[in-house]
Amino acid sequence: MITESACGKVILYGEHAVVYGKPAIAVPVKNLRMEVSVEKSATLQIKSECFENLDWIKTGIVKICDELDVDSNFSITIKSTIPIASGMGSSAALSVAATKAIAKLKGVSLDKEAVRKVSYASENIFHGGASGVDNAVISYECPIYYIKHEEIEELEAALDLKIVVIDSKVRSSTANAVAAVRQKHKENKEKVNAIFDDIENTVNSAKFALEAGDFEELGNLMNLNQDALELLGLSVLETTQIINECKKLGCFGAKISGAGLGGNVISIFPDDKFENAKSELSKKYNVVIVKL
Ligand code: MEV
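(A) Seen up close, empty space enclosed by the protein. Inspection of every chain in the model, using the stated rule, returns one cavity of 30 Å³ or more. Approximately 50 Å³ is the volume attributed to the largest cavity. Along its surface, the largest cavity is lined by Asp160, Leu161, Lys162, Phe215, Ile268, Phe269, Asp271 and Phe274. Of the residues contributing to the lining of the largest cavity, the split by class is five nonpolar, no polar and three charged.

Given below as structure tokens:
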């Protein structure tokens, strides 16, 4: 039996617009992991206590096997500390961990770029029209600046940045959120393209702020990105409430992260506000701190 794991992820800036060729910045969450164990079997069998729709996973695994040119008769066991359907990349982590485990069982060694390419095949099934940012950051396990079909840029992020990730507990489907934005884009191309242009500017400014360690600016840019995501209709009451609570606790900025329509809120706090904010938010929500 071969076991491999993959990390979670958080999108800092640029979700959704990245599907339309705009840039996004994403970071790995290395302490949350998806573990996939693979062994030969007479038929393809999936054992998982975390995912409900195992047929959907089977389709993704078959796709990975096709890419790696191996028979898909495996017994696959999936364990995860990444929360499912909450914007932390559980499906992409599954694609990446399964790619690494199946390749290893075949005796093939893949570098991170090869893992990214293979895992995209199943990620695209899971998400339907995925930009590829999730499986890219999870394959690379480092902060990235990502544009679809372009070379991945690894970012030197300021090391003491702490991102507070707050789970709204509203489960969201990335495929549904992407489809909702696609519908909006179809109905009003000009307006939605202008929102995407704004997001692009925000992401490009954030790249510099991240490298310079300008946390206040990173917060301002989160607020700007959130305004754009709201215009795209991706906020729900619960995430808006969390963002308002972060603001009351003195954050530099806060936004939804990932697909939206629920899922996670991310926020950055000044050092002197961080501990209090973490403890206040933890009283009501599941909070994860992502350190780069
Ligand atoms: C999901 O984590 C990010 C989205 O932009 C979808 C994608 O990029 O495939 C919403």
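(B) A look at the packing of helix α2 (residues 90-106) against helix α3 (residues 112-127). Their axes nearest at 8 Å, the elements α2 and α3 cross at an angle of 140 degrees. Taken together, the axis directions place α2 and α3 in an arrangement best described as oblique. The way α2 lies across α3 gives a crossing that is right-handed. Contact residues: Ser91, Ala92, Leu94, Ser95, Val96, Thr99 and Lys100 in α2; Val115, Val118, Ser119, Ser122, Glu123, Phe126 and His127 in α3. For the contact of α2 with α3, a count of residues per class yields six nonpolar, six polar and two charged.

(C) Up close: the pairing of strand β9 (residues 264-268). The element β9 is largely enclosed, with a buried count of five among its five residues. Because side chains alternate across β9, one face comprises the buried residues Asn264, Ile266 and Ile268, and the other comprises Val265 and Ser267, equally buried. Bridge count for strand β8 (residues 253-257) against β9 is five bridges, and the pairing is antiparallel. Residue pairing across strands places Ala254 opposite Ser267, the latter belonging to β9. Connecting β8 to the antiparallel partner β9 that follows it, the hairpin turn spans six residues, and Gly258 within it adopts a positive phi of roughly 95 degrees.

(D) Up close: helix α9 (residues 271-284). Ala277 marks where α9 bends most, by close to 25 degrees. For α9, the full list of buried residues reads Phe274, Ala277 and Leu281. The elements touched by buried residues of α9 are β7 (162-167), α8 (237-248) and β10 (286-291).

(E) Geometry of the packing of aromatic side chains. Per the counting criterion, the structure on display carries two aromatic pairs. A cation over a ring is seen here: Lys162 above Phe274, with NZ or CZ 4.7 Å from the ring centre. Residue placement shows Lys207 over the ring face of Tyr145; its charged tip is 4.5 Å from the ring centre.

(F) Structural detail: the packing of helix α5 (residues 174-187) against helix α6 (residues 189-212). Axis separation between α5 and α6 bottoms out at 5 Å; the angle between their running directions is 125 degrees. Of the possible angle classes, the one that applies to α5 and α6 is oblique. Contacts between α5 and α6 pair Val181, Lys184, His185 and Glu187 from the former with Lys189, Val192, Asn193 and Phe196 from the latter. Among the residues forming the contact of α5 with α6, the class breakdown is three nonpolar, two polar and three charged.

(G) Focus on unusual backbone geometry. We note that Glu141 has phi near 50 degrees; this positive angle belongs to a residue other than glycine. Its place among the elements puts Glu141 in the loop between α4 (133-140) and β5 (144-146). The phi dihedral of Leu261 falls on the positive side, at around 55 degrees, and the residue is not glycine. In this structure, Leu261 sits in the loop between β8 and β9. Take Leu261: its relative accessible area is 28%, and that puts it in the partly exposed class.

(H) Spatial organisation of the pattern of salt bridges. Evaluation of the coordinates by the stated rule reveals 14 salt bridges. The closest approach of N and O atoms between Lys104 and Glu4, which form a salt bridge, is 3.0 Å. One end of the pair, Lys104, is in helix α2; the other, Glu4, is in strand β1 (residues 2-13), and 100 residues separate them in sequence. A relative accessible area of 47% means that Lys104 is categorised as partly exposed. Bridged by salt links that share partners, the residues Lys22, Asp197 and Glu200 form one connected network.

What counts and what doesn't
- Residues numbered from 1 in each chain as written.
- Predicted model: local features only at pLDDT ≥ 70, side-chain atom pairs only at ≥ 80, totals over all residues.
- Heavy atoms only, no water.
- 1 Å grid on protein atoms, 1.4 Å probe; cavity = no way out; pocket = protein on both sides within 12 Å on 5 of 7 lines; lining within 4 Å.
- Points joined across faces, edges and corners; volume = space filled by probe spheres on them.
- Nonpolar A, V, L, I, M, F, W, Y, C, P; charged D, E, K, R; others polar.
- Axes fitted to C-alpha atoms, helices over the stretch in contact; angles between N-to-C directions.
- Helix = DSSP H or I, 4+ residues; strand = E, 2+ residues; numbered from the N terminus.
- Parallel < 35°, antiparallel > 145°, perpendicular 65-115°, else oblique.
- Left-handed = near helix turned anticlockwise from the far one by under 90°.
- Contact = heavy atoms within 4.5 Å.
- Buried < 20%, exposed > 50% of the residue type's maximum accessible area, 1.4 Å probe, protein only.
- Pairing = 2+ DSSP bridges.
- Bend = angle between axes of the 7 residues up to and from the residue.
- Phe/Tyr/Trp six-rings, centres within 6.5 Å; stacked < 30°, edge-to-face > 60°.
- Lys NZ or Arg CZ within 6 Å of the ring centre and 35° of its normal.
- Salt bridge = Lys/Arg side-chain N within 4 Å of Asp/Glu carboxyl O.

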